[in-house]
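Topology and contacts: notes
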Amino acid sequence: MHTEWNDAHTDYGAPQTSQAPGGLADSDADWRQHLEQSPNGRLLHDNAMLRTLMAGARVRLMHLTRSLDAVRSSGQLLASTGCLVGAIYGSPLTPVPGGGLQPHNLGAYLLTSRSTLASRRDSTPLVIEITPDGPQPAKGLDYLRLGGIHLRTYQAFRHVLTTAEDHQVVQSVVDRVRVAAPFLDTLLRNAGGRATPDKAFVDALAATVPVVPYLGYLYFETVAEYLMLHSTSRATKENADRGEMNNRLYKCLAFMAVDGMDVLFDLGRFHPDHSRLLQLVDRIEPALTAPVARYVRRRLSHRFATTALAPDQDTTAFSFEYPDLNVLTAAVPHLLGQLLFREVRILDRYPQLYHCFEQAKALEAWTYWNTEQIATPFNGTMPKGEIGLNPAYPNARVTVWTAQTCDRGLLHPAEQVAAVPAPRLVPWLVAPLRDRTQEDQWINRRPVPT
């Protein structure tokens, strides 16, 4: 278990050592060097958040809650799932001379978006102060590499499903792979060095995301990475001077690309074709438009191969042409886990089954973080300021306040809240907000040829 969770974390303070399949044109180390040489590449290992964590300094986070009354009455702050699996999600705060706490640019965006985004309306900012017991490693959780853990969790708890539900889940996953097989093979061939034309690649990617929504997450994270590392705008430079990546770049990308993202942030619906991708990037920062399609083809192909295949497989030899569950389990367990994870989540009964699958992963994450002395885990797909509180960490002092904002955009602790972090997940609340259009279309699909 520890090894799996370790492999799902990126250590930004040490050389990359994760296992990878054979036949790759570029190694993870090659890509790490390439990314570090980009205009903002130094921020991958030298940013304000990581400096604070590695120094063992007091950490202050901004957390938005829509349940302040429940927090007060229960005396507990609960964790949520998502990119941090089982942490209390937040963004960094920095004390400034004269008093007040300056939000990270991600937190500033979250604050200003409360009036426009339905998912954050009526939320209250809290200041959470964490005094750790020592320095923390610069190890961030990469949710794109959780596939093996998702697979193991499904295998452990699949018997809470009815026979019909389990058959539906498995058959749907196998059908998705069978339908998407030509493009999945294209991804592997590109990861092995073959150069598909950029436009054709992006158009095929966009067409395949509705069938394999995991590709939407890879697609979005790849474009977000490109924008944050290569932007040279004034705002990006100002953020970089403070040791921060510019989060508004990918926030703009997501909300322009997908209708309804303000209600449910679902990256499985991110699938702009080549023309639309160029339009989106051109609206964000025109100088970045021309190279984006080539970057997506090369980077996404590599990330797919390394987050899908088992390390004993060869990228240039494996094919998705004739999938069955046994083949997928042995050869692409990480992709299979990602697909099963999402397929279970779209079951009608998932709100009742949520804790069976998610609490188990959260318990493992808390155990790993405690073993590694991680009090404040962060999103390691990029160290962009998405950071949370490990609610099960035993050796940190935690204090919580409500917060007020001033005309300088600073947060000021107001009223101390008698609440402590609790190692439990919030109830499943997203189900009523789900857009079932694509799901229903897939569920009612014609039989997939075998």
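Relevant structure appears above.
Quick look at the packing of helix H9 (residues 214-230) against helix H11 (residues 248-257)
- Taken N-terminus to C-terminus, the directions of H9 and H11 make an angle of 140°; their axes are 9 Å apart at the nearest point. Taken together, the axes of H9 and H11 are oblique relative to one another. Our pair here, H9 against H11, has a crossing hand that is right-handed. Contacts between H9 and H11 involve Phe220, Val223, Ala224, Leu227 and Met228 on the former and, on the latter, Leu249, Tyr250, Leu253 and Ala254.
- Its residues assigned to classes, the contact of H9 with H11 comprises nine nonpolar, no polar and no charged.

Description of the pattern of salt bridges
- Per the stated rule, a full pass over the model turns up 24 salt bridges.
- Arg58 serves as the salt-bridge partner of Glu129, at 3.9 Å between the closest nitrogen and oxygen. Highlighted residues: Glu129 in strand S6 (residues 124-131) and Arg58 in the loop between helix H3 (48-55) and strand S2 (59-65), separated in sequence by 71 residues.
- For Glu129, a relative accessible area of 14% puts it in the buried group.

A word on helix H16 (residues 350-371)
- The terminal C-alpha atoms of H16, which comprises 22 residues, lie 31 Å apart, in line with the 32 Å expected from a rise of 1.5 Å per residue.
- At Glu358, H16 shows its strongest bend, of approximately 25°.
- Two residues or fewer past H16, Gln373 is found with a positive phi of approximately 60°.

As for the nonpolar core
- Formed by 130 residues in total, the largest nonpolar core has its most connected members in Leu205, Leu215, Tyr219, Leu227, Val296, Phe304 and Phe320.
- A total of 12 residues in this core trace back to one element, the largest contributor, which is helix H7 (residues 163-191).

Comments concerning the pairing of strand S4 (residues 88-95)
- Note that S2 and S4 share three bridges and pair antiparallel. Residue pairing for S4: Met62 is matched across the bridge by Ser91.
- Sheet topology places S4 next to strand S8 (residues 387-389); three bridges connect them, and they run antiparallel. In the strand pairing of S8, Tyr89 is matched with Gly388.
- The antiparallel hairpin formed by S4 and strand S5 (residues 101-103) contains five residues in its connecting segment, where Gly98 sits at a positive phi of about 90°.

Digging into the packing of aromatic side chains
- Counted by the stated rule, this structure contains 14 aromatic pairs.
- Both rings, one in Trp31 and one in Tyr295, keep their centres 6.1 Å apart while their planes meet at 80°; by these two values the pair is edge-to-face. Placement of the pair is Trp31 in helix H2 (residues 28-36) and Tyr295 in helix H13 (residues 292-308), with a sequence separation of 264 residues. Accessibility assignment for this pair places Trp31 and Tyr295 in one class, buried.

What counts, and where the lines are drawn
- Residues numbered from 1 in each chain as written.
- Predicted model: local features only at pLDDT ≥ 70, side-chain atom pairs only at ≥ 80, totals over all residues.
- Heavy atoms only, no water.
- Axes fitted to C-alpha atoms, helices over the stretch in contact; angles between N-to-C directions.
- Helix = DSSP H or I, 4+ residues; strand = E, 2+ residues; numbered from the N terminus.
- Parallel < 35°, antiparallel > 145°, perpendicular 65-115°, else oblique.
- Left-handed = near helix turned anticlockwise from the far one by under 90°.
- Contact = heavy atoms within 4.5 Å.
- Nonpolar A, V, L, I, M, F, W, Y, C, P; charged D, E, K, R; others polar.
- Salt bridge = Lys/Arg side-chain N within 4 Å of Asp/Glu carboxyl O.
- Buried < 20%, exposed > 50% of the residue type's maximum accessible area, 1.4 Å probe, protein only.
- Expected span 1.5 Å × (residues − 1).
- Bend = angle between axes of the 7 residues up to and from the residue.
- Core = buried A, V, L, I, M, F, W, Y, C linked by side-chain atoms within 4.5 Å.
- Pairing = 2+ DSSP bridges.
- Phe/Tyr/Trp six-rings, centres within 6.5 Å; stacked < 30°, edge-to-face > 60°.

Such coordinate-based values are descriptive only and should not be taken to indicate function.
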